[in-house]
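# Summary of the model geometry
Take a look at the letters that make up each chain.
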Amino acid sequence: MKKEREQWGSRWGFILAAMGSAVGLGNIWRFSYAMGAGGGSTFLIIYLLSVLIIGFPVMLIEFAIGRRAQTDAIDAFKKLAPKSFWVVAGGMGVLAAFVILSFYGVIGGWSFKYIFSYLTGGVAGDTGGYFEAFVGSPIEPIGWQFLFMGVTVAIVMLGVQKGIETSSKWMMPILSILLILLAGYSLTLGGASEALTFMFHPDWSAFGDPSVYFAAVGQAFFTLSLGMGIMLTYGSYLSPKEKLTSSAAYIIVLDTLFAIIAGLVVFPALFAFDLDPTQGAGLVFVVLPTIFQNISGIGAIIGVAFFVLLALAALSSAISLLEVVVAYLIRRLGVSRKIATLGIGFVIFLVGVPSSLSQGAVSIEVFGDSFLDFMDKFSGNLLLPLGGLIIALYGTWSWKSDELLEQTDLKGTAIAPAILFFAKYVAPIAILVILVFGMLNW
Ligand code: PHE
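Quick summary incoming for the structure in this document. (Residues numbered from 1 in each chain as written. Predicted model: local features only at pLDDT ≥ 70, side-chain atom pairs only at ≥ 80, totals over all residues. Heavy atoms only, no water.)

## Considerations on empty space enclosed by the protein
The cut-off we apply is this: Space inside and on the surface of the protein is sampled on a 1 Å grid over the protein atoms alone, with a cavity defined as a set of points where a 1.4 Å probe fits but cannot get out and a pocket as an open set with protein on both sides within 12 Å along at least 5 of 7 lines; lining residues have an atom within 4 Å of a point. Grid points are joined across faces, edges and corners, and a volume is the space filled by probe spheres set on the points. Under the scheme used here, helices are H or I runs from DSSP no shorter than 4 residues and strands are E runs no shorter than 2 residues, and both carry numbers assigned from the N terminus. Residue classes follow a fixed rule: Ala, Val, Leu, Ile, Met, Phe, Trp, Tyr, Cys and Pro count as nonpolar, while Asp, Glu, Lys and Arg count as charged, and any other residue, Gly among them, counts as polar.
Inspection of the entire model under this criterion finds three cavities of 30 Å³ or more. By volume, the largest cavity amounts to about 120 Å³. In terms of lining residues, the largest cavity is bounded by 14 residues, among which Ser21, Tyr104, Phe222, Ser225 and Leu321 are the most central. Elements with a minimum of two residues in the lining of the largest cavity: helix H1 (11-22), helix H5 (87-119), helix H10 (210-223) and helix H14 (299-333). The dominant element in the lining of the largest cavity, judged by the number of residues it contributes, is H14, at three residues. Split into classes, the residues belonging to the lining of the largest cavity amount to eight nonpolar, six polar and no charged. If you go around the second largest cavity, the residues you meet are Asp72, Ala73, Ile74, Val94, Gly229, Thr233, Glu323, Val324, Ala327 and Tyr328. Of all the secondary-structure elements, those providing two or more residues to the lining of the second largest cavity are helix H4 (73-80) and H14.

Right under this line is the structure:
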């Protein structure tokens, strides 16, 4: 007998869980370093356009496929389009989840380490040197990565529904308030005008650089958790009467605000303290402690609060990543949830070890990037957009325009013609062109 599939407790439960997956290290850690390296405003503009023109339609299509199929990412394509090529999107999704979680666990571990450091009064003096000494150690970051993965595994093993739904309800508001306060403070440090120019004043010459498009589109997919079947799976726990359009809009607006406000925390302080925006993966771990150091008296308390919230946001995303792989293994291999979670959690941890080591302990480079950067680019900028492309093509080719509008609840809305046009023509062509140029300019 097949068990009745679980459903979300309420529409807000669904929206919050999807937000929990979307808002994570991608909004704070990945966004600021990708934007720093991508030249600021040019990256921001292309990222915002991608969110609107590519992210919104792809998210709607993912939700719609899930709600229609009422099953996981791979099974959904098998069910809706039996014996066809489309199922590769599901397979690639599982692969992407695996790769992303391998390095996500490393950065999640760093945030655990910083909580501990602030609790024990550790991050003092030269914050850049402190960070480098930490990631340059061959053992310590791996220990923290192991701990982060262990907590992720424990939550997924217990079943996620309650944990994610309820924790998101209080976590997101606190994290937003803290970010807004920090942004306000950071803007007073003396680097505000330089930061605002960097973030919002377009540098038209940079629009000719294909690598910025590659990075910005990849960031849009990564931060919205798109292109790998997570949103499809979350949509599958919805009952057919729930409306998708406004839910997707809430998720996208909130996720984008988080990223921009994180930028307003990081960049003003960065310019005030003369730090380098292009320093890569360590950016927030160097800039934020510099800010906290400057807040006399309560800096360490704010440091603890910030990294606790960052770690929680990272956990709710890591859980969604692990769940995709676990759900697949349980169905495919017929093993128990416990065995699947423990086994694959450990394998993903092992795959993440080279990423951890590549930050200073050992030189591991692939195509000129450190192993962590390579895994990050390979999954975020390549696998996810490719997965998104296949999902968009599936949605727009297998469903006639009218049916697509109906499935996505766009029918009769004012934005329907525009979104349909984006979904059918603009998004697929843009993704394809950007992927080809991005690959050529890796
Ligand atoms: N969206 C998450 C973040 O921004 C990361 C993520 C990517 C989670 C893909 C799930 C799937 O941190």
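## Regarding a nonpolar patch on the surface
Spelled out, the test is: Patch membership requires more than 30% relative accessible area and the absence of a salt bridge. Residues of like charge join within 9 Å; the nonpolar side chains Val, Leu, Ile, Met, Phe, Trp and Tyr join within 5 Å. The protein chains shown are the only cover counted for residues, whose accessible areas, like all others here, come from Shrake-Rupley with a 1.4 Å probe. Whenever a carboxyl oxygen of Asp or Glu lies within 4 Å of a side-chain nitrogen of Lys or Arg, that contact is scored as a salt bridge. Note on exposure labels: buried denotes an accessible area under 20% of the residue type's maximum, exposed denotes more than 50%, and partly exposed covers the range between, all computed with a 1.4 Å probe on protein chains only.
Together, Phe421, Tyr425, Ile429, Leu432, Val433, Val436, Phe437 and Leu440 make up a nonpolar patch on the protein surface, roughly 810 Å² of accessible area in all. Its place among the elements puts Val433 in helix H18 (residues 416-440). Residue Val433 is classed as partly exposed on the basis of its relative accessible area, which comes to 40%.

## Structural notes on the layout of surface pockets
Estimates place the volume of the second largest pocket at around 430 Å³. If you go around the second largest pocket, you meet 19 residues; those closest to its centre are Tyr33, Ala37, Ala215, Lys377 and Asn381. When residues of the lining of the second largest pocket are traced back to their parent elements, those giving at least two are helix H2 (25-37), H10 and helix H16 (371-398). Here the residues of the lining of the second largest pocket sort into seven nonpolar, six polar and six charged.

## A few points about the site of the ligand
Stated formally: Being near a molecule or strand, for a residue, comes down to having at least one heavy atom within 4 Å of it. Counted as a polar contact is a pair of N or O atoms within 3.5 Å, where, for protein atoms, one must be capable of donating a hydrogen and the other of accepting one, and residues adjacent in sequence contribute only when both atoms are in side chains.
In the vicinity of the ligand, 15 residues are found, and the nearest of them are Ala22, Gly26, Tyr104, Phe222 and Ser225. Within the backbone of Leu25, a nitrogen or oxygen atom sits 3.1 Å from an oxygen atom of the ligand. At 3.5 Å from an oxygen atom of the ligand is found a side-chain nitrogen or oxygen belonging to Asn27. In isolation the ligand offers 320 Å² of accessible surface; the protein chains occlude 100% of this area.

Scope: geometric values only; no functional claims are made or implied.
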